[in-house]
Amino acid sequence: MNFQQLRILRETVRQDFNLTEAANHLFTSQSGVSKHIKDLEDELGVELFVRKGKRLLGLTEPGKELIKIAERILLDANNIKNLADHYRDNDSGELTIATTHTQARYILPAVITLFKQKYPKVHLKLHQGSPSEIAKLLLAGEADIGIATETLGDIAELASFPYYKWTHTVVVPKDHPLNQHPQPLTLKAINAYPIVTYHDGFTGRANIEKAFRHTGEKPNIDMSALDADVIKSYVELGMGVGIIASVAYDEKRDTDLVILPSQHLFEPSWSKIGLRRGHYLRQYAYDFIHLCADSLTADVINAEIKPE
(Lines give C-alpha, C1' and ligand atoms only; values in the text may rest on other atoms or scores of the structure.)
Protein backbone atom coordinates (compact mmCIF):
# COMPACT_ATOMS: atom_id res chain seq x y z
CA MET A 1 0.00 0.00 0.00
CA ASN A 2 1.29 3.49 -0.83
CA PHE A 3 0.23 7.13 -0.80
CA GLN A 4 -0.48 7.16 -4.54
CA GLN A 5 -3.03 4.39 -4.16
CA LEU A 6 -4.73 6.31 -1.38
CA ARG A 7 -4.73 9.52 -3.44
CA ILE A 8 -6.29 7.65 -6.35
CA LEU A 9 -8.93 6.14 -4.06
CA ARG A 10 -9.77 9.59 -2.68
CA GLU A 11 -9.82 11.31 -6.07
CA THR A 12 -12.00 8.60 -7.61
CA VAL A 13 -14.61 9.25 -4.94
CA ARG A 14 -14.31 13.02 -5.36
CA GLN A 15 -14.85 12.69 -9.12
CA ASP A 16 -18.04 10.66 -8.63
CA PHE A 17 -16.28 7.42 -9.62
CA ASN A 18 -15.29 8.75 -13.04
CA LEU A 19 -11.84 7.24 -13.64
CA THR A 20 -11.07 9.55 -16.55
CA GLU A 21 -11.68 12.64 -14.43
CA ALA A 22 -9.73 11.16 -11.51
CA ALA A 23 -6.78 10.47 -13.82
CA ASN A 24 -6.92 14.00 -15.26
CA HIS A 25 -6.86 15.58 -11.81
CA LEU A 26 -3.90 13.44 -10.77
CA PHE A 27 -2.05 13.97 -14.09
CA THR A 28 -1.87 10.28 -14.84
CA SER A 29 -3.56 7.78 -17.17
CA GLN A 30 -6.89 6.05 -16.68
CA SER A 31 -5.20 2.69 -17.08
CA GLY A 32 -2.76 3.66 -14.32
CA VAL A 33 -5.65 4.59 -12.03
CA SER A 34 -7.41 1.29 -12.73
CA LYS A 35 -4.21 -0.69 -12.05
CA HIS A 36 -3.59 1.07 -8.72
CA ILE A 37 -7.15 0.36 -7.61
CA LYS A 38 -6.88 -3.31 -8.58
CA ASP A 39 -3.48 -3.65 -6.86
CA LEU A 40 -4.90 -2.13 -3.67
CA GLU A 41 -7.93 -4.42 -3.72
CA ASP A 42 -5.73 -7.45 -4.38
CA GLU A 43 -3.45 -6.53 -1.50
CA LEU A 44 -6.33 -6.04 0.92
CA GLY A 45 -8.32 -9.00 -0.37
CA VAL A 46 -11.61 -7.08 -0.56
CA GLU A 47 -13.46 -5.14 -3.24
CA LEU A 48 -13.60 -1.43 -2.53
CA PHE A 49 -15.97 -0.40 -5.33
CA VAL A 50 -19.40 -1.48 -6.51
CA ARG A 51 -19.08 -2.25 -10.22
CA LYS A 52 -21.29 -2.69 -13.24
CA GLY A 53 -19.05 -4.07 -15.95
CA LYS A 54 -16.06 -1.74 -16.06
CA ARG A 55 -17.96 1.16 -14.50
CA LEU A 56 -17.62 2.09 -10.85
CA LEU A 57 -20.95 2.90 -9.22
CA GLY A 58 -19.99 3.52 -5.61
CA LEU A 59 -18.12 2.22 -2.59
CA THR A 60 -18.62 -1.13 -0.91
CA GLU A 61 -18.86 -1.23 2.87
CA PRO A 62 -15.08 -1.88 3.21
CA GLY A 63 -14.53 0.96 0.71
CA LYS A 64 -16.59 3.37 2.82
CA GLU A 65 -14.51 2.54 5.88
CA LEU A 66 -11.23 2.74 4.02
CA ILE A 67 -11.91 6.15 2.47
CA LYS A 68 -12.30 7.64 5.97
CA ILE A 69 -8.91 6.22 7.00
CA ALA A 70 -7.30 7.31 3.72
CA GLU A 71 -8.55 10.87 4.21
CA ARG A 72 -7.00 10.98 7.69
CA ILE A 73 -3.69 9.51 6.48
CA LEU A 74 -3.40 11.97 3.58
CA LEU A 75 -4.38 14.88 5.82
CA ASP A 76 -1.71 13.93 8.35
CA ALA A 77 0.87 13.49 5.57
CA ASN A 78 0.14 17.06 4.46
CA ASN A 79 0.29 18.20 8.09
CA ILE A 80 3.82 16.75 8.37
CA LYS A 81 4.91 18.81 5.37
CA ASN A 82 3.31 21.95 6.83
CA LEU A 83 4.97 21.29 10.18
CA ALA A 84 8.39 21.01 8.54
CA ASP A 85 7.78 24.15 6.49
CA HIS A 86 6.73 26.02 9.62
CA TYR A 87 9.93 25.27 11.52
CA ARG A 88 12.19 25.65 8.50
CA ASP A 89 10.85 29.05 7.40
CA ASN A 90 8.00 30.43 9.46
CA ASP A 91 7.45 33.73 7.64
CA SER A 92 7.12 32.53 4.05
CA GLY A 93 4.99 30.00 2.22
CA GLU A 94 1.49 29.96 0.77
CA LEU A 95 -1.91 30.68 2.26
CA THR A 96 -5.08 29.85 0.34
CA ILE A 97 -8.31 31.64 1.21
CA ALA A 98 -11.59 30.46 -0.32
CA THR A 99 -14.38 33.00 -0.10
CA THR A 100 -17.31 34.63 -1.83
CA HIS A 101 -17.21 37.73 -4.00
CA THR A 102 -18.79 39.88 -1.29
CA GLN A 103 -16.12 38.97 1.27
CA ALA A 104 -13.26 39.31 -1.23
CA ARG A 105 -14.48 42.63 -2.60
CA TYR A 106 -15.76 44.45 0.49
CA ILE A 107 -14.50 42.83 3.69
CA LEU A 108 -11.07 41.30 3.15
CA PRO A 109 -9.06 44.10 1.46
CA ALA A 110 -8.25 45.79 4.78
CA VAL A 111 -7.30 42.46 6.39
CA ILE A 112 -5.17 41.40 3.44
CA THR A 113 -3.37 44.76 3.41
CA LEU A 114 -2.36 44.35 7.06
CA PHE A 115 -1.46 40.69 6.53
CA LYS A 116 0.84 41.43 3.57
CA GLN A 117 2.57 44.15 5.57
CA LYS A 118 3.41 41.57 8.24
CA TYR A 119 4.11 38.66 5.89
CA PRO A 120 5.38 40.07 2.58
CA LYS A 121 6.93 36.72 1.60
CA VAL A 122 3.73 34.69 1.99
CA HIS A 123 2.01 34.04 -1.33
CA LEU A 124 -1.68 34.66 -0.79
CA LYS A 125 -4.09 32.78 -3.08
CA LEU A 126 -7.68 34.00 -3.15
CA HIS A 127 -10.31 31.61 -4.56
CA GLN A 128 -13.81 32.99 -5.14
CA GLY A 129 -16.77 30.65 -5.31
CA SER A 130 -20.11 29.63 -3.88
CA PRO A 131 -20.38 28.54 -0.23
CA SER A 132 -20.64 24.88 -1.31
CA GLU A 133 -17.54 25.24 -3.50
CA ILE A 134 -15.69 26.84 -0.58
CA ALA A 135 -16.61 23.91 1.66
CA LYS A 136 -15.39 21.43 -0.96
CA LEU A 137 -12.05 23.23 -1.23
CA LEU A 138 -11.62 23.06 2.55
CA LEU A 139 -12.55 19.38 2.71
CA ALA A 140 -10.20 18.58 -0.17
CA GLY A 141 -7.30 20.35 1.54
CA GLU A 142 -7.08 22.83 -1.35
CA ALA A 143 -7.87 25.82 0.87
CA ASP A 144 -6.59 26.67 4.35
CA ILE A 145 -9.34 29.10 5.35
CA GLY A 146 -12.90 29.50 4.10
CA ILE A 147 -15.10 32.56 4.60
CA ALA A 148 -18.82 32.58 3.75
CA THR A 149 -22.26 33.09 5.25
CA GLU A 150 -23.83 29.76 4.26
CA THR A 151 -22.80 26.07 4.48
CA LEU A 152 -19.61 26.24 6.58
CA GLY A 153 -21.46 25.75 9.86
CA ASP A 154 -23.40 22.74 8.58
CA ILE A 155 -20.58 20.25 7.91
CA ALA A 156 -19.24 18.11 10.73
CA GLU A 157 -15.73 17.90 9.27
CA LEU A 158 -15.45 21.69 9.38
CA ALA A 159 -15.08 23.93 12.40
CA SER A 160 -16.71 27.32 11.95
CA PHE A 161 -16.28 30.56 13.87
CA PRO A 162 -18.41 33.73 13.80
CA TYR A 163 -16.65 36.48 11.84
CA TYR A 164 -19.05 39.44 11.66
CA LYS A 165 -22.76 40.18 11.70
CA TRP A 166 -24.43 42.05 8.85
CA THR A 167 -27.85 42.85 7.43
CA HIS A 168 -29.40 43.28 4.02
CA THR A 169 -30.28 46.70 2.67
CA VAL A 170 -32.42 48.01 -0.16
CA VAL A 171 -30.85 50.10 -2.94
CA VAL A 172 -32.62 52.04 -5.69
CA PRO A 173 -31.76 54.77 -8.21
CA LYS A 174 -32.14 58.28 -6.82
CA ASP A 175 -35.23 58.95 -8.94
CA HIS A 176 -37.01 55.71 -7.96
CA PRO A 177 -40.50 56.14 -6.42
CA LEU A 178 -39.44 54.21 -3.31
CA ASN A 179 -36.96 56.97 -2.54
CA GLN A 180 -39.97 59.19 -1.85
CA HIS A 181 -41.97 56.49 -0.05
CA PRO A 182 -43.15 57.30 3.48
CA GLN A 183 -41.11 55.62 6.19
CA PRO A 184 -40.92 53.00 7.52
CA LEU A 185 -40.39 51.01 4.35
CA THR A 186 -42.40 47.79 4.03
CA LEU A 187 -41.85 44.56 2.14
CA LYS A 188 -45.21 45.06 0.45
CA ALA A 189 -44.02 48.38 -0.95
CA ILE A 190 -40.80 46.80 -2.20
CA ASN A 191 -42.69 43.89 -3.74
CA ALA A 192 -44.63 46.26 -6.00
CA TYR A 193 -41.48 46.41 -8.12
CA PRO A 194 -39.19 43.75 -9.65
CA ILE A 195 -36.49 42.70 -7.20
CA VAL A 196 -32.85 42.10 -8.10
CA THR A 197 -30.90 40.14 -5.51
CA TYR A 198 -28.59 37.16 -4.89
CA HIS A 199 -28.90 33.63 -6.24
CA ASP A 200 -30.26 30.91 -3.98
CA GLY A 201 -27.63 29.83 -1.46
CA PHE A 202 -25.66 33.07 -1.65
CA THR A 203 -25.21 35.96 0.78
CA GLY A 204 -28.18 35.36 3.04
CA ARG A 205 -30.77 34.83 0.28
CA ALA A 206 -32.66 32.51 2.65
CA ASN A 207 -33.14 35.38 5.10
CA ILE A 208 -34.66 37.53 2.36
CA GLU A 209 -37.19 34.85 1.46
CA LYS A 210 -37.89 34.19 5.13
CA ALA A 211 -38.72 37.86 5.71
CA PHE A 212 -41.24 37.87 2.86
CA ARG A 213 -42.69 34.53 3.93
CA HIS A 214 -43.44 35.87 7.42
CA THR A 215 -45.57 38.65 5.92
CA GLY A 216 -47.37 36.29 3.54
CA GLU A 217 -45.68 37.88 0.52
CA LYS A 218 -43.92 35.97 -2.23
CA PRO A 219 -40.85 37.99 -3.23
CA ASN A 220 -41.11 39.40 -6.74
CA ILE A 221 -37.55 38.37 -7.64
CA ASP A 222 -37.10 39.15 -11.32
CA MET A 223 -33.31 38.79 -11.55
CA SER A 224 -30.61 37.18 -9.44
CA ALA A 225 -26.83 37.31 -9.55
CA LEU A 226 -23.82 35.94 -7.70
CA ASP A 227 -22.40 39.24 -6.48
CA ALA A 228 -23.47 42.69 -5.39
CA ASP A 229 -21.61 44.56 -8.12
CA VAL A 230 -23.73 42.89 -10.80
CA ILE A 231 -26.91 43.50 -8.82
CA LYS A 232 -26.09 47.19 -8.41
CA SER A 233 -25.29 47.54 -12.11
CA TYR A 234 -28.75 46.33 -13.10
CA VAL A 235 -30.46 48.42 -10.43
CA GLU A 236 -28.67 51.47 -11.86
CA LEU A 237 -30.15 50.56 -15.25
CA GLY A 238 -33.63 50.66 -13.77
CA MET A 239 -34.22 46.91 -13.85
CA GLY A 240 -35.62 46.76 -10.32
CA VAL A 241 -35.12 47.26 -6.60
CA GLY A 242 -31.86 45.82 -5.28
CA ILE A 243 -31.50 43.87 -2.06
CA ILE A 244 -27.82 43.50 -1.18
CA ALA A 245 -25.55 43.00 1.81
CA SER A 246 -25.22 46.34 3.57
CA VAL A 247 -21.42 46.08 3.44
CA ALA A 248 -21.60 46.04 -0.36
CA TYR A 249 -22.85 49.63 -0.63
CA ASP A 250 -20.09 52.20 -1.10
CA GLU A 251 -21.40 55.76 -1.07
CA LYS A 252 -18.25 57.06 -2.77
CA ARG A 253 -18.60 54.68 -5.72
CA ASP A 254 -22.32 54.02 -5.85
CA THR A 255 -23.21 57.63 -6.48
CA ASP A 256 -26.17 56.79 -8.73
CA LEU A 257 -27.84 54.73 -6.01
CA VAL A 258 -29.30 55.43 -2.59
CA ILE A 259 -29.87 53.04 0.29
CA LEU A 260 -33.27 52.95 1.96
CA PRO A 261 -33.61 52.33 5.70
CA SER A 262 -34.47 48.64 5.77
CA GLN A 263 -32.64 47.01 8.68
CA HIS A 264 -36.03 46.42 10.34
CA LEU A 265 -37.11 44.20 7.44
CA PHE A 266 -34.50 41.45 7.52
CA GLU A 267 -32.90 39.32 10.22
CA PRO A 268 -29.14 39.75 10.68
CA SER A 269 -26.80 37.21 9.08
CA TRP A 270 -23.43 35.95 10.27
CA SER A 271 -20.44 35.44 8.03
CA LYS A 272 -18.24 32.61 9.28
CA ILE A 273 -14.64 31.50 9.08
CA GLY A 274 -14.37 27.78 8.32
CA LEU A 275 -11.43 25.42 8.85
CA ARG A 276 -11.05 21.71 8.26
CA ARG A 277 -10.75 19.78 11.50
CA GLY A 278 -7.33 18.22 11.91
CA HIS A 279 -5.68 20.55 9.39
CA TYR A 280 -2.29 21.88 10.56
CA LEU A 281 -2.15 25.66 10.30
CA ARG A 282 1.01 27.70 9.88
CA GLN A 283 1.46 30.62 12.29
CA TYR A 284 0.66 33.10 9.57
CA ALA A 285 -2.73 31.41 9.07
CA TYR A 286 -3.54 31.95 12.76
CA ASP A 287 -2.44 35.58 12.38
CA PHE A 288 -4.66 36.06 9.32
CA ILE A 289 -7.68 34.78 11.26
CA HIS A 290 -6.78 36.96 14.25
CA LEU A 291 -6.71 40.00 11.96
CA CYS A 292 -10.26 39.09 10.93
CA ALA A 293 -11.52 38.67 14.48
CA ASP A 294 -9.57 39.60 17.63
CA SER A 295 -11.36 36.94 19.67
CA LEU A 296 -10.04 34.11 17.48
CA THR A 297 -6.72 33.27 19.08
CA ALA A 298 -4.68 30.16 18.32
CA ASP A 299 -5.94 28.52 21.54
CA VAL A 300 -9.58 29.16 20.63
CA ILE A 301 -9.05 27.82 17.13
CA ASN A 302 -7.10 24.73 18.17
CA ALA A 303 -9.77 23.77 20.67
CA GLU A 304 -12.19 23.39 17.76
CA ILE A 305 -10.09 22.03 14.91
CA LYS A 306 -8.53 19.10 16.73
CA PRO A 307 -9.78 15.91 15.07
CA GLU A 308 -12.59 14.21 16.92
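Please read all numbers here as calculations on a predicted model, not as lab measurements. (Residues numbered from 1 in each chain as written. Predicted model: local features only at pLDDT ≥ 70, side-chain atom pairs only at ≥ 80, totals over all residues. Heavy atoms only, no water.)

Draft legend 1. Up close: the overall build of the chain. Secondary structure summary: the chain contains 11 helices and 12 strands in total. On the principal axes, the C-alpha backbone points of the chain span a range of 75 × 50 × 30 Å. Every one of the 308 residues in the chain was classed for burial, and the buried ones make up 48%. By sequence separation, contacts in the chain at least 24 residues apart represent 72% of the contacts at least 6 residues apart. Carbon and sulfur atoms make up 52% of the accessible area of the chain, which totals about 15,900 Å². The centroid of the 35 positive side-chain charges in the chain is displaced by 2 Å from the centroid of its 40 negative side-chain charges. (Helix = DSSP H or I, 4+ residues; strand = E, 2+ residues; numbered from the N terminus. Buried < 20%, exposed > 50% of the residue type's maximum accessible area, 1.4 Å probe, protein only. Contact = heavy atoms within 4.5 Å. Areas by Shrake-Rupley, 256 points an atom, 1.4 Å probe, with all protein chains shown as cover. Lys, Arg positive; Asp, Glu negative; His and termini not counted. Charge placed at Lys NZ, Arg CZ, Asp CG, Glu CD.)

Draft legend 2. Structural context of unusual backbone geometry. For the bond running from Q183 to P184, omega is 0 degrees, close enough to zero to count as cis. Even without a glycine there, the phi angle at F27 is positive, about 55 degrees. By the element assignment, F27 lies in the loop between α2 (19-25) and α3 (30-44). A positive phi angle, near 80 degrees, is found at T151, a position not held by glycine. Examined against the element boundaries, T151 turns out to sit in the loop between β5 (145-148) and β6 (158-166).

Draft legend 3. Quick peek at empty space enclosed by the protein. Summed over all chains, the structure comprises 1 cavity of 30 Å³ or more. Roughly 40 Å³ of volume is contained in the largest cavity. Taken together, Q5, I8, L9, H36, I37, L40, L48 and F49 make up the full set of residues lining the largest cavity. Contributing elements (two or more residues each) for the lining of the largest cavity: α1 (3-14) and α3. Taken together, the residues of the lining of the largest cavity break down into 6 nonpolar, 2 polar and no charged. (1 Å grid on protein atoms, 1.4 Å probe; cavity = no way out; pocket = protein on both sides within 12 Å on 5 of 7 lines; lining within 4 Å. Points joined across faces, edges and corners; volume = space filled by probe spheres on them. Nonpolar A, V, L, I, M, F, W, Y, C, P; charged D, E, K, R; others polar.)

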